[in-house]
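Structural overview for review
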Amino acid sequence: MLTELSPLIAATAQWLTRAYPASGGALAAALCEVQARQAVTVAACLRYPTRTDAALVALAGPGGSARLDWVTGADAVGGAHTEDSAWRTWVDEVVASWAASLLTDPELARQAVTKLTRGPEPLGTPAEFRRLTEPGIRDRDAAALLRHPDLVAPVAELHLDHLLDRLGPDQALIA
């Protein structure tokens, strides 16, 4: 299933790290990217929990970053759409919103990772998502903008209710 979602995960993580860049050099950029990728992977697997869901989004496409660019103001500065921005068509707005929510709320991130790692087709182990669920000081410093609740709120709040519904105790992990 992750194979079908890999373009979506890569593009959405790239969008997050461009919208909320790392502060402090190459190591910080790498740590920020790992955290974004972990959050996007969890969010994408929650959003598209079955192989059929993943195949359908791979076939139809996720929708692109236009609304996210508008919400964050990236469309106003002229840097949102350049000749090399075809990857933006693979950005998934809901996945980006859910990932932003997970990055700013460690308890919510732990709930999401627990749901995925204990499901019928486990995504992995909680330890594999440690930078998302238990970020160290270096992780937090590197992704200070990406994890800042006030800065990320416009994106995180777009689809937070749907994420909370998906993580609810009575909700099956089927879209």
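By convention here, each chain's residues receive numbers from 1 onward along its written sequence. Totals for whole chains, interfaces and linings use every residue, but because this is a predicted model, local features are given only for residues with pLDDT of at least 70 and side-chain atom pairs only at 80 or more, for both listing and counting. To obtain the side-chain values, all non-hydrogen atoms of the structure were included, while hydrogens and water were left out.

Moving on: the side chain of Thr-12. Helical segments are the DSSP runs of H or I of at least four residues, strand segments are the runs of E of at least two, and each set is numbered from the N terminus. Locating Thr-12 in the fold gives a position in helix H1 (residues 2-19). Polar contacts involving the side chain of Thr-12 include one to the main-chain amide nitrogen of Asp-92, which spans 3.1 Å. The residues touching Thr-12, leaving out its near neighbours within four places in the chain, are Val-40, Trp-90, Val-91, Asp-92, Val-95 and Ala-96. Here a polar contact is taken to be a pair of N or O atoms separated by no more than 3.5 Å, where protein atoms must pair a possible hydrogen donor with a possible acceptor and residues adjacent in sequence count only if both atoms sit in side chains. It only takes one pair of heavy atoms within 4.5 Å for two residues to be counted as in contact.

Another aspect to go through is the nonpolar core. In terms of nonpolar packing, the biggest core is built from 46 residues, with Val-42 and Leu-102 touching the most fellow members. Going through the elements one at a time, H1, helix H2 (25-47), helix H3 (51-60), helix H5 (93-104), helix H6 (106-117), helix H9 (149-156) and helix H10 (160-167) are the ones with two or more residues in this core. With residues near it in sequence (within four places) discarded, Val-42 still touches Leu-102, Ala-112, Val-113, Leu-116, Phe-129 and Leu-132. Residues enter a nonpolar core if they are buried and are Ala, Val, Leu, Ile, Met, Phe, Trp, Tyr or Cys, with the set joined through side-chain atoms within 4.5 Å. Each residue is placed in one exposure class: buried if its accessible area under a 1.4 Å probe, protein chains only, is under 20% of its type's maximum, exposed if it is over 50%, and partly exposed if it falls in between.

Helix axes use the C-alpha atoms of the stretch in contact, all axes being lines fitted to C-alpha atoms, and the angles between their N-to-C directions lie in the range 0 to 180 degrees. At a closest axis distance of 9 Å, the pairing of H1 and H2 adopts a crossing angle of 135°. As the angle between them shows, H1 and H2 are arranged oblique. Pair H1 / H2 crosses with right-handed handedness. Contact with H1, carried on its side by Leu-2, Leu-5, Leu-8, Ile-9, Ala-10, Thr-12, Ala-13, Leu-16 and Thr-17, involves Cys-32, Glu-33, Ala-36, Arg-37, Val-40, Thr-41, Ala-44 and Cys-45 of H2 and no other residues of that element. Each angle gets one of four labels, with under 35 degrees taken as roughly parallel, over 145 as roughly antiparallel, 65 to 115 as roughly perpendicular, and the rest as oblique. For any helix crossing, the convention is left-handed if the near helix is rotated counterclockwise from the far helix by under a right angle, and right-handed if that rotation is clockwise.

Once that is clear, we can look at H6. Working rule for helices: expected span equals 1.5 Å times residues minus one. Across its 12 residues, H6 extends 16 Å between first and last C-alpha, which sits within 8% of the 16 Å expected from 1.5 Å per residue. Three or more residues of H6 are buried, namely Leu-108, Ala-109, Ala-112, Val-113, Lys-115, Leu-116 and Thr-117. Against H2, H5, helix H7 (130-133) and H10 lie the buried residues of H6. The opening residue of H6, the one whose side-chain oxygen lies 3.2 Å from the backbone nitrogen of Glu-107, is Asp-105.

As a further point, take the packing of aromatic side chains. Two rings belonging to Phe, Tyr or Trp (six-membered ring only in the last case) form a pair when the distance between their centres is within 6.5 Å. Interplanar angles under 30 degrees mark stacking, angles over 60 mark edge-to-face geometry, and anything in between is tilted. Taken as a whole and assessed by the stated rule, the structure comprises one aromatic pair. Note on Trp-15 and Tyr-20: the rings are 6.4 Å apart at their centroids and 80° apart in plane angle, and the pair reads as edge-to-face. Residues Trp-15 and Tyr-20 agree in their burial class; the two are buried.

On to the pattern of salt bridges, then. Throughout this description, the term salt bridge denotes a Lys or Arg side-chain nitrogen within 4 Å of a carboxyl oxygen of Asp or Glu. Under the defined criterion, the tally for this structure stands at five salt bridges. Two residues, Arg-88 and Asp-69, come together in a salt bridge whose shortest N-O distance is 3.1 Å. Of this pair, Arg-88 sits in the loop between helix H4 (66-72) and H5 while Asp-69 sits in helix H4; the two residues are 19 residues apart in sequence, bridging distant segments of the chain. There is no split in this pair, since Arg-88 and Asp-69 are both buried.

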